[in-house]
Structures are given as structure tokens and as C-alpha cells.
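What follows is each chain in one-letter form.
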Amino acid sequence: MEVGGEVLETAKSEKLLGLHVNSDLNWTTHVDKLCTTLKQRIGLLRRIKYKVNSNKLQIIAEAIFQSKIRYGISVYTIPKFEFNNLEQAIWTQTLLSFK
């Protein structure tokens with residue numbers, strides 16, 4: 001494709017301002033990558049939960065987890081979209097934080 005004399009390459013997904021946008025304008029890649037990051041952070045919480053008191057663990061969880069979820073959520077949370085993995089990650093983080 002050519003625009004303004006420049007040849008544009010097509011890509012299945014592109015990262016713009018920290019959000020992954022697919023070529024068909026859905027957020028599957030972004031949500032998949034977000035879930036992967038959240039699962040890694042859940043692993044971190046599991047490793048430190050016995051070494052840190054529950055109040056501090058809650059603060060740490062909110063800092064490392066909620067920041068990733070909140071960034072761009074108004075863009076990619078379309079009601080018809082399935083968020084099973086994201087919902088599961090949020091639920092797991094919530095359970096870990098309040099134990």
C-alpha cells in the first residue's frame with residue numbers, strides 16, 4: 001500500500017502508545033499480552049506473599065497489577081469482546097491480595 005509516496009508495510013498487529021492494535025481493529029493481541037504480563041505479576045505476588053504482611057502486599061498488588069489493567073482500558077473494553085483470561089487474572093490477583 002502506498003500513501004503520500006511512502007510504501008506502507010502491512011502487519012498483523014502494531015503497538016501504538018503501549019496498546020497492541022490488530023489489523024482487523026480488534027484487541028486480541030493486546031489482551032493476550034496483557035494476560036501474560038498479569039500472570040507473571042501474579043507469580044511475583046505468590047512468591048512474596050509469605051514474606052510481606054497483608055497490608056503491604058495489597059499496596060504492592062495494586063501498584064504492579066492495577067496500573068497495567070487501567071492503562072488503555074477505556075479503549076479496548078468493548079462489551080461484545082470476550083475477556084475470560086483477563087477476568088480470570090483479575091480474580092486471581094484479588095484473591096491473592098486479600099488472603
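Below you will find a few notes about this structure.

Looking only at helices and strands, the protein chain features four helices and four strands. Scored against the burial criterion, the 99 residues of the protein chain give a buried share of 29%. Within the protein chain, residue pairs in contact and separated by at least 24 positions form 57% of the contacts whose partners lie at least 6 positions apart. When the accessible surface of the protein chain is summed, it comes to about 7200 Å², and 56% of that surface belongs to carbon and sulfur atoms.

Quick look at the pairing of strand 4 (residues 19-22) now. Going residue by residue along strand 4, you find Leu19 and Val21 tucked away on one face and His20 and Asn22 tucked away on the opposite face as well. By the bridge criterion, four bridges tie strand 3 (residues 13-16) to strand 4 in an arrangement that is antiparallel. Each residue of the ladder has a partner; that of Ser13, found in strand 4, is Asn22. Linking strand 3 to strand 4, which pair antiparallel, is a turn of two residues; within it Leu17 sits at a positive phi near 50°.

Right, let's get into the layout of surface pockets. Roughly 190 Å³ of volume is contained in the largest pocket. The wall of the largest pocket is formed by Lys15, Gly18, His20, His30, Lys33, Leu34, Thr37, Ser67, Lys68 and Tyr71. For the lining of the largest pocket, the elements supplying multiple residues, two or more each, are helix 1 (28-48) and helix 2 (54-70). When residues in the lining of the largest pocket are grouped by element, the largest group, four residues, is from helix 1.

On to helix 2, then. Its 17 residues place the ends of helix 2 23 Å apart at the C-alpha level, agreeing with the 24 Å of an ideal helix rising 1.5 Å per residue. Where helix 2 bends most, the angle comes to about 30°, and this point is Glu62. Within the span of helix 2, buried status applies to Leu57, Gln58, Ala61, Phe65, Gln66 and Ile69. With a side-chain oxygen positioned 3.1 Å from the backbone nitrogen of Asn55, the residue opening helix 2 is Asn53. Residue Gly72 follows helix 2 closely and has a positive phi angle near 80°.

Rules of the game
- Residues numbered from 1 in each chain as written.
- Predicted model: local features only at pLDDT ≥ 70, side-chain atom pairs only at ≥ 80, totals over all residues.
- Heavy atoms only, no water.
- Helix = DSSP H or I, 4+ residues; strand = E, 2+ residues; numbered from the N terminus.
- Buried < 20%, exposed > 50% of the residue type's maximum accessible area, 1.4 Å probe, protein only.
- Contact = heavy atoms within 4.5 Å.
- Areas by Shrake-Rupley, 256 points an atom, 1.4 Å probe, with all protein chains shown as cover.
- Pairing = 2+ DSSP bridges.
- 1 Å grid on protein atoms, 1.4 Å probe; cavity = no way out; pocket = protein on both sides within 12 Å on 5 of 7 lines; lining within 4 Å.
- Points joined across faces, edges and corners; volume = space filled by probe spheres on them.
- Expected span 1.5 Å × (residues − 1).
- Bend = angle between axes of the 7 residues up to and from the residue.
- Polar contact = N/O pair within 3.5 Å; in protein donor to acceptor, adjacent residues only side chain to side chain.

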